[in-house]
Amino acid sequence: QKEVEQNSGPLSVPEGAIASLNCTYSDRGSQSFFWYRQYSGKSPELIMFIYSNGDKEDGRFTAQLNKASQYVSLLIRDSQPSDSATYLCAVDDKIIFGKGTRLHILP
Amino acid sequence: KAGVTQTPRYLIKTRGQQVTLSCSPISGHRSVSWYQQTPGQGLQFLFEYFSETQRNKGNFPGRFSGRQFSNSRSEMNVSTLELGDSALYLCASSLLGGRDSPLHFGNGTRLTVT
């Protein structure tokens, strides 16, 4: 049974700081990793996806993948109140999603 | 380009009834996936359709079924509704499905079973 684990939070981060969200996965053969953001009452929207070991940057967002340790992280630099949301992690076919981490940016 | 469209947005049904939800994917997208989202269980995969064929299925009872039409539009049906079926049902489309295709979600259908 494949599993994707996330800390449910809430994770509280001061405005302007770096928010670090983590996701671990059980299937060592997983190849693609996706981060989605979901605002309360809204549907998930894609933030980033990463396939290769290392870092991938897009604006204030950086995804980090470590296949040896089977985790993927999402870093949000210069956190803004508008980043307050639940962040969902998914792998490969997106059949399994983590339950999400609630992020709260403190003004 | 229009996004994923789900109808209706809200539904209220009583136990024992059946319901059909509709999803129109982004133009050109051939894969449509359905998810159930509840506060306790998070996003749970129901099934994926690609070119009118069910390609993957989650661990839901047979009361949950779906289909995809030749224009890639998809419907999901739930028969003999139970109180526990109250949830947000999300449809997502992707270009080809599979590992490398990101999902694009619709706004969801909020189903309440009384």
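The shown structure was predicted, so the numbers you read here are calculated from the model rather than taken from an experiment.

Visitor: Honestly, the overall build of chain B in this entry has me stumped. Any pointers?
Guide: In terms of regular secondary structure, chain B is built from zero helices and 11 strands. Going from the N terminus to the C terminus, chain B shows its helices and strands as β-β-β-β-β-β-β-β-β-β-β. The C-alpha atoms of chain B give a radius of gyration of 13 Å, which matches the 13 Å a tight globule of 114 residues would have. Judged by the C-alpha coordinates and their principal axes, chain B covers about 35 × 25 × 25 Å. Contacts in chain B between residues far apart in sequence, at least 24 positions, make up 56% of those at least 6 positions apart. Of the accessible surface of chain B, which amounts to about 5,400 Å², a share of 48% is contributed by carbon and sulfur atoms. Seen as two clouds, the 12 positive and the 6 negative side-chain charges of chain B have centres 4 Å apart.

Visitor: I tried to follow the state of the cysteines on my own but got confused; where do I start?
Guide: One way to say it: the disulfide is the covalent bond shared by the sulfur atoms of two cysteines. Residues and elements named next belong to chain A. Inspection of the entire model under this criterion finds two disulfides over all chains. Disulfide partner of Cys23: Cys89, at an S-S distance of 2.1 Å. Handedness here is read from the sign of the S-S torsion; for Cys23 and Cys89, about -70 degrees, the answer is left-handed. One end of the pair, Cys23, is in strand β3 (residues 19-25); the other, Cys89, is in strand β9 (residues 85-91), and 66 residues separate them in sequence. Residue Cys89 is classed as buried on the basis of its relative accessible area, which comes to 0%.

Visitor: What am I meant to see in the environment of Trp35 of chain A here?
Guide: Within the fold, Trp35 of chain A resides in strand β4 (residues 33-38). Along the sequence, Trp35 of chain A and Leu88 of chain A sit 53 residues apart, while their C-alpha atoms lie 5.7 Å from each other.

Visitor: Explanation requested: the side chain of Gln6 of chain B in the structure shown.
Guide: Residue and element names in this part refer to chain B. Residue placement: Gln6 occurs in strand β1 (residues 5-7). Here Gln6 falls in the buried class, since its relative accessible area comes to 5%. One polar contact links the side chain of Gln6 to the main-chain amide nitrogen of Cys91, over a distance of 2.9 Å. If we ignore the near neighbours within four places in the chain, the residues touching Gln6 are Ser22, Cys23, Trp34, Tyr89, Leu90, Cys91, Gly106, Asn107, Gly108 and Thr109.

Visitor: What is the right way to look at the packing of aromatic side chains in this model?
Guide: Here a ring pair, both rings aromatic, is described through the centre-centre distance and the interplanar angle of the planes. A complete count under the given rule lists 11 aromatic pairs over all chains for this structure. Taken together, a centroid distance of 5.6 Å and an interplanar angle of 90 degrees make the contact between Tyr36 of chain A and Phe105 of chain B edge-to-face. Remark: Phe105 of chain B occurs in strand β10 (residues 104-105) and Tyr36 of chain A occurs in strand β4; the pair is interchain, linking two chains. There is no split in this pair, since Tyr36 of chain A and Phe105 of chain B are both buried. Aromatic side chains Phe49 of chain A and Tyr51 of chain A sit 5.4 Å apart centroid to centroid with 40 degrees between the ring planes, which places their arrangement in the tilted category. Since its relative accessible area comes to 25%, Phe49 of chain A is described here as partly exposed.

Visitor: How should I be thinking about the sheet that holds β3 of chain A in this particular structure?
Guide: By definition, the strands of a sheet pair up through backbone hydrogen bonds, in either a parallel or an antiparallel sense. All names here are of chain A. With respect to topology, five strands assemble into an open sheet ordered β1-β3-β8-β7-β6, the strand pairing being antiparallel. The open sheet has two free edges, formed respectively by β1 (4-6) and β6 (54-58), since each of these has just one partner strand. Averaged over all neighbouring strand pairs, the angle between strand axes comes to 20 degrees, with direction disregarded. In this sheet, β3 lies alongside β1 in antiparallel orientation, the contact comprising three bridges. Residue Val4 lies in a different strand from β3, and its bridge partner there is Tyr25.

Visitor: What is the right way to look at the sheet that holds strand β2 (residues 11-14) of chain A in this model?
Guide: Residue and element names in this part refer to chain A. Across the sheet, which stays open at both edges, the five strands sit in the order β2-β10-β9-β4-β5 with mixed pairing between neighbours. What marks the edges here is a single partner per strand, and that holds for β2 and β5 (45-50). Neighbour-to-neighbour, the strand axes of this sheet turn through a mean angle of 25 degrees, independent of strand direction. When β4 meets β9, the two strands line up antiparallel, connected through six bridges. Along β9, the bridge assignment pairs Phe34 with Ala90.

Visitor: Help me understand unusual backbone geometry in this model?
Guide: Excluding glycine, residues mostly have negative phi values, and the peptide bonds linking residues are mostly trans. In this structure, the amide linkage connecting Gly9 of chain A to the following residue, Pro10 of chain A, adopts the cis form with an omega of 10 degrees. Within the element layout of this structure, Pro10 of chain A appears in the loop between β1 and β2. Geometrically, the link from Thr7 of chain B to Pro8 of chain B is a cis peptide bond, its omega value of -10 degrees lying close to zero. Residue Lys94 of chain A is not a glycine yet carries a positive backbone phi of 60 degrees. Residue classification places Lys94 of chain A among the buried positions, given a relative accessible area of 1%.

Quick notes on the rules
Residues numbered from 1 in each chain as written. Chains lettered and ligands numbered in written order. Predicted model: local features only at pLDDT ≥ 70, side-chain atom pairs only at ≥ 80, totals over all residues. Heavy atoms only, no water. Helix = DSSP H or I, 4+ residues; strand = E, 2+ residues; numbered from the N terminus. Rg over C-alpha atoms; globule rule 2.2 N^0.38 Å. Contact = heavy atoms within 4.5 Å. Areas by Shrake-Rupley, 256 points an atom, 1.4 Å probe, with all protein chains shown as cover. Lys, Arg positive; Asp, Glu negative; His and termini not counted. Charge placed at Lys NZ, Arg CZ, Asp CG, Glu CD. Disulfide = S-S within 2.5 Å. Buried < 20%, exposed > 50% of the residue type's maximum accessible area, 1.4 Å probe, protein only. Polar contact = N/O pair within 3.5 Å; in protein donor to acceptor, adjacent residues only side chain to side chain. Phe/Tyr/Trp six-rings, centres within 6.5 Å; stacked < 30°, edge-to-face > 60°. Pairing = 2+ DSSP bridges. Axes fitted to C-alpha atoms, helices over the stretch in contact; angles between N-to-C directions.

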